Amino acid sequence: MSVSGDPKADFQEREALARLDKAVGKLLDERIALLGRVGELEALLDRMRKGKADPVELQNRLSRMESENRELEGRIEEGRDGIDRLLSRLRFLESQR
């Protein structure tokens with residue numbers, strides 16, 4: 001900490017320390033998240049080694065889920081279009097009152 005007695009220098013130093021503290025906190029949070037992910041991947045790898053998880057089946061399942069996701073996104077978009085049409089009709093009817 002500055003002992004210069006210069007309020008501006010003291011403020012700048014406190015601001016710099018606050019930014020550093022925030023950056024270190026963010027890095028620690030990211031490290032914790034990465035360690036959790038590493039644990040998940042190690043568990044999956046262990047399952048594969050023991051023959052409990054088939055990588056080909058996992059890939060096939062992922063492909064099916066991605067396809068299903070695209071289909072669901074399309075259905076959501078269709079639903080939004082339908083809602084937009086209904087809202088337009090309601091606005092028109094309201095304007096006719």
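Preceding block: the structure.
What you are looking at is a predicted structure, and each value in this text was computed from that prediction instead of being measured.

Asker: Would you take a moment to explain the overall build of the chain for this structure?
Answerer: For the chain, the helix and strand inventory stands at 2 helices and 0 strands. Taking 97 residues into account, the globule formula puts the C-alpha radius of gyration at 13 Å, and the chain, at 28 Å, lies well above it. If one aligns the C-alpha atoms of the chain with their principal axes, the spans along those axes are about 70 × 65 × 10 Å. Here the chain contributes 20 positively and 21 negatively charged side chains, and the mean placements of these two sets differ by 3 Å.

Asker: Please explain a nonpolar patch on the surface as it appears in this structure.
Answerer: Taken together, the side chains of Ile83, Leu87, Leu90, Phe92 and Leu93 present a nonpolar region at the surface, about 500 Å² in accessible area. Among the structural elements, Phe92 can be located in helix H2 (residues 55-96).

Asker: Got a minute to help me understand helix H1 (residues 7-49) in this structure?
Answerer: Counting along an α-helix, one turn takes 3.6 residues, and residues three or four places apart therefore face a common direction. If you check H1, its first and last C-alpha atoms are 62 Å apart, about what 43 residues at 1.5 Å a residue would give, namely 63 Å. With a side-chain oxygen positioned 3.2 Å from the backbone nitrogen of Lys8, the residue opening H1 is Asp6.

Rules behind the numbers
- Residues numbered from 1 in each chain as written.
- Predicted model: local features only at pLDDT ≥ 70, side-chain atom pairs only at ≥ 80, totals over all residues.
- Heavy atoms only, no water.
- Helix = DSSP H or I, 4+ residues; strand = E, 2+ residues; numbered from the N terminus.
- Rg over C-alpha atoms; globule rule 2.2 N^0.38 Å.
- Lys, Arg positive; Asp, Glu negative; His and termini not counted.
- Charge placed at Lys NZ, Arg CZ, Asp CG, Glu CD.
- Patch = residues over 30% accessible without salt bridge, like charges linked within 9 Å, V, L, I, M, F, W, Y side chains within 5 Å.
- Areas by Shrake-Rupley, 256 points an atom, 1.4 Å probe, with all protein chains shown as cover.
- Salt bridge = Lys/Arg side-chain N within 4 Å of Asp/Glu carboxyl O.
- Expected span 1.5 Å × (residues − 1).
- Polar contact = N/O pair within 3.5 Å; in protein donor to acceptor, adjacent residues only side chain to side chain.

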